[in-house]
Amino acid sequence: MAIAAPKSYDTSLGELLEGVGKGTHQLPEFQRGWTWDDGRIRNIIASLTQGYPMGALMRLECGGSEVRLKYRAFEGTHGISREPNYLVLDGQQRLTSLYCSLFGKDPVSTSNERGQKLSRFYYLNMRRCLDPEEDREDAIASISDKRVVTEDIGRKIVLDLTSREREIEELMFPANLVFDSQGRDDWFTGFIEHYGLKSEEYALWKDFKENVLRTMEDYKIPVITLDKTTPREAVCKVFENVNTGGVSLTVFELVTAAFATYDFDLRGNWNKVVRPRICAESKDIRTDLMQGVDETTFLTSMTLYTTYRAKRAGTKGSTSCKKKDVLALRYEDYVANLDALLDGFDMARDLLIGECVFRMRDLPYTTQLIPLAATCAYIGRKAFDRQPVKAILRRWLWCGIFGEMYGGANETRYANDIEDLVAAIEGADSQMRTVNAAYFQSTRLLGLQTRNSAAYKGVMALVFRENCLDFVNGAPMTMVKSMETPPDIHHIFPRAYCERTGLERTKWNSIVNKTPLIARTNREIGGVAPSKYLPKIMKDEQIDGDELRRRVESHLIDYDALAADDFDAFFLDRAKRLLDVIEQAMGKEVPDRASDETVAAFGHVLN
């Protein structure tokens, strides 16, 4: 939907600064603080005295129903309790710097280039401002709040501006009188009393007033004004576009600002309630599985859940969790549905752990948690605990993983997922679009070379799910063991051996030749042939061949081929076994196991 075209007005700087001081112009609460240092303040004052452009400002008209944001006054202002007419989206740093230095009467709290705190007043050196040979920035004096400049570790005063008389004698005009007509008149009265109307200094004053002060007084800034009907999504996008030099505004920050109008601290709620619950911080057995769930992920799941509930209740037409929908999330809906969605994330975590996904690094897709948690929240714990329901969720989970369907923007898929899953769980007709669209190719096994792939992590979880045992200590790779002595993915035929014997890297570095092993076991294996490391394990651990066979075969490995260093036989057999468990998890066949492409890649069919 098109928005009302923003209007641009050339606005007097003095009028803008007055608005800052009176509170007609304020800032959205989500804006970062003022950060400009002393050098940048002097630079912008110098540019202003010469009438140089300093760029447009952007503001949002207040009072609309589309965007309600918590606001705050500019730094340096005092006693503002009114609602603003405008919120400044772009221009905070410039306006704050100019207000504090040219309008406010307090020392400016800033810093030097090294970040050390400073308290400063600014002055215009009248002679240097009018000297064409001078760099104008050198004509802008930054003076400590004591209004003196000293040398020799404070023993010698070289500039004293502690009184009006001293300012006039030094021809140093206070910058904070530029837009203060009464204060400037009083200063000028003292100036005339000191120098007289026929003095050289009076001629200097007239020149200074005409060429410097009037330039500043008459300065206008283009101000782009967004209409109060501008939707939240547009405000968020505009802020991201104009704030390239600062911290990008996230959806969460804008929703936080909107909820703050209800005196609700969304950030605090996330830090104190939501994140600890999602990460299961109160559980006896801790896992980092859910630590990748961030604020925006949670809000997206909340939006998916609330829009689906509204659709089912007949109060909303569609299920959706696109950015615009998240930005439109109502405070009332968030509060009313928070506990249910947190329960949904608990169930999602339980399902993943039950499928042997124990750690964040092994989680194929954080994004898949969005529809999973929302679906679980809707069906509730009683339904979730039923085995037929878990079977539906498991199949959908693995189809999404091995179909590699959650790597990009998937808001439409999320909406399809919750609708399809709930329908299937309720026994209604269901399109099960993710399940039906999922497709895994046999040759994909060769492409799974690093843990960056969701399918790579998925294969490892399926090996865990087979109750695999560590080669050396025989321990099962349960959740507890995985957190106490975390296994990693290691080569079965060691890399050094494969490189030494000239095996094809595409094969030996693929997922087919990898399995989860603890670090100690990987060290025991070293870089030698399996026919060398297997007897060593039996000797060191004092186990017989039958026990080692049991441990090795729990990883879907042909023990005899491995012990004979028969890489080709091992490789074909394990590829077949991995495809078997993938088919079981997805509930559908891998259709190309005997295709020409598969035979060309593996040298044999994989049936």
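Remember, predicted model here, so these are calculated numbers, not experimental data.

Conventions adopted
- Residues numbered from 1 in each chain as written.
- Predicted model: local features only at pLDDT ≥ 70, side-chain atom pairs only at ≥ 80, totals over all residues.
- Heavy atoms only, no water.
- Helix = DSSP H or I, 4+ residues; strand = E, 2+ residues; numbered from the N terminus.
- Rg over C-alpha atoms; globule rule 2.2 N^0.38 Å.
- Buried < 20%, exposed > 50% of the residue type's maximum accessible area, 1.4 Å probe, protein only.
- Contact = heavy atoms within 4.5 Å.
- Areas by Shrake-Rupley, 256 points an atom, 1.4 Å probe, with all protein chains shown as cover.
- Lys, Arg positive; Asp, Glu negative; His and termini not counted.
- Charge placed at Lys NZ, Arg CZ, Asp CG, Glu CD.
- Pairing = 2+ DSSP bridges.
- Phe/Tyr/Trp six-rings, centres within 6.5 Å; stacked < 30°, edge-to-face > 60°.
- 1 Å grid on protein atoms, 1.4 Å probe; cavity = no way out; pocket = protein on both sides within 12 Å on 5 of 7 lines; lining within 4 Å.
- Points joined across faces, edges and corners; volume = space filled by probe spheres on them.
- Nonpolar A, V, L, I, M, F, W, Y, C, P; charged D, E, K, R; others polar.
- Salt bridge = Lys/Arg side-chain N within 4 Å of Asp/Glu carboxyl O.
- Disulfide = S-S within 2.5 Å.
- Core = buried A, V, L, I, M, F, W, Y, C linked by side-chain atoms within 4.5 Å.
- Axes fitted to C-alpha atoms, helices over the stretch in contact; angles between N-to-C directions.
- Parallel < 35°, antiparallel > 145°, perpendicular 65-115°, else oblique.

A. Main features of the overall build of the chain. Counting its secondary structure elements, the chain contains 28 helices and 14 strands. Its C-alpha atoms give the chain a radius of gyration of 35 Å, more than 25% over the compact-globule value 25 Å for 607 residues. In terms of principal-axis extent, the alpha carbons of the chain reach across some 110 × 65 × 50 Å. Taken over 607 residues, the chain has a buried fraction of 51%. Across the chain, the fraction of contacts at a sequence separation of at least 24, relative to all contacts at a separation of at least 6, is 73%. A total of about 27,300 Å² of accessible surface is found on the chain, and carbon and sulfur atoms cover 46% of it. Charged side chains of the chain number 81 positive and 90 negative; the gap between the two group centres comes to 3 Å.

B. Expanded view of the pairing of strand E10 (residues 156-160). The pairing of strand E9 (residues 148-151) with E10 spans four bridges and is antiparallel. If you follow Thr150 over to E10, its bridge partner there is Ile157. Counting the residues that bridge the hairpin from E9 to E10 gives four residues, and of these Asp152 lies at a positive phi of roughly 55 degrees.

C. Quick peek at the packing of aromatic side chains. Using the criterion set out here, one finds 35 aromatic pairs in the structure. Judged by centre distance (5.7 Å) and plane angle (40 degrees), the ring pair of Phe191 and Trp205 falls under tilted. Here the residue Phe191 occupies a position in helix H6 (residues 181-195), and Trp205 occupies one in helix H7 (residues 200-217), the gap between them amounting to 14 residues. Neither residue differs from the other here; Phe191 and Trp205 are each classed as buried.

D. Representation of empty space enclosed by the protein. Evaluated as defined, the whole model comprises three cavities of 30 Å³ or more. Of the voids in this model, the largest cavity is the one considered here, and its volume is about 60 Å³. Along the walls of the largest cavity sit Cys356, Val357, Asp362, Arg451, Tyr456, Lys457, Met460, Ala461, Phe464 and Ile489, which together make up its complete lining. When residues in the lining of the largest cavity are grouped by element, the largest group, five residues, is from helix H19 (residues 454-465). Each pocket or cavity is described by its volume, and for the second largest cavity that value is around 50 Å³. Every residue along the wall of the second largest cavity is listed here: Leu352, Leu363, Pro364, Tyr365, Gln368, Leu369, Leu372, Leu397 and Ile401. Those elements that place two or more of their residues in the lining of the second largest cavity are helix H14 (369-384) and helix H15 (387-402). Counted by class, the lining of the second largest cavity contains eight nonpolar, one polar and no charged residues.

E. View of the pattern of salt bridges. Per the counting criterion, the structure on display carries 46 salt bridges. Among the salt bridges present, the one from Glu18 reaches Lys22, with a minimum N-O distance of 2.9 Å. Placement of the pair is Glu18 and Lys22 together in helix H1 (residues 13-22), with a separation of four residues, close to one helical turn. Judged by relative accessible area, which is 52%, Lys22 ranks as exposed. Residue Glu524 pairs with Lys536 through a salt bridge whose shortest N-O separation is 3.1 Å. Here Glu524 is found in helix H23 (residues 519-525), whereas its partner Lys536 is found in helix H24 (residues 530-541), with twelve residues between them in sequence. Several salt bridges share partner residues, and in doing so they unite Arg359, Arg361, Asp362, Arg451 and Asp488 into one network.

F. Representation of the state of the cysteines. A full pass over the atoms with the stated rule returns zero disulfides. Of all cysteine sulfurs in the structure, the one in Cys376 sits closest to Cys399, which takes part in no disulfide; the separation is 16 Å. Looking at Cys399, the relative accessible area reads 0%, which means it is buried.

G. Main features of the pairing of strand E2 (residues 25-28). The sheet contact formed by E2 and strand E5 (residues 86-90) spans two bridges and is parallel. Looking at E5, one finds that His25 is bridged to Tyr86.

H. Main features of the layout of surface pockets. Taken as a whole, the largest pocket holds about 610 Å³ of empty space. For the largest pocket, the lining is made up of 27 residues, of which Asp325, Ala328, Leu329, Arg330 and Asp333 are closest to its centre. Of all the secondary structure elements, the ones that give two or more residues to the lining of the largest pocket are helix H8 (232-242), helix H9 (251-259), helix H11 (295-313), helix H12 (323-327) and helix H13 (331-354). Among the residues forming the lining of the largest pocket, the class breakdown is eleven nonpolar, six polar and ten charged.

I. Looking closely at the nonpolar core. Within the largest apolar cluster, 132 residues are counted, with the highest numbers of intra-cluster contacts made by Phe298 and Tyr334. Among the elements that take part in this core, helix H27 (residues 567-586) stands out by supplying eleven residues, more than any other. Setting aside its immediate chain neighbours within four residues, Tyr334 contacts Phe259, Phe264, Leu266, Asn269, Val274, Phe298, Leu299, Met302 and Leu329. In terms of nonpolar packing, the next biggest core, distinct from the first, is built from 48 residues, Ala46, Leu48, Cys100 and Phe173 among them.

J. Just the sheet that holds strand E1 (residues 7-12), in detail. The six strands lie next to each other as E1-E12-E3-E5-E2-E4, forming an open sheet whose pairing is mixed. Only two strands of the sheet have a single partner each, and these edge strands are E1 and strand E4 (71-72).

K. Inspection of the packing of H13 against H14 at higher detail. At a closest axis distance of 7 Å, the pairing of H13 and H14 adopts a crossing angle of 95 degrees. Relative to H14, the element H13 is oriented roughly perpendicular. From H13, Ala340, Leu341, Gly344, Phe345, Asp346, Met347, Ala348, Asp350, Leu351 and Leu352 reach across to H14, where they touch Leu369, Leu372, Ala373, Ala374, Cys376, Ala377, Gly380, Arg381 and Phe384. Broken down by class, the residue content of the contact of H13 with H14 amounts to 14 nonpolar, two polar and three charged.

L. Molecular detail of the packing of H1 against helix H3 (residues 92-102). In contact at an axis separation of 10 Å, H1 and H3 are set at 85 degrees when each is read in the N-to-C sense. By the angle between their directions, the pair H1 and H3 is classed as roughly perpendicular. Note on element contacts: H3 touches H1 through Leu95, Leu98 and Tyr99, opposite Leu13, Leu16, Leu17, Val20 and Gly21.

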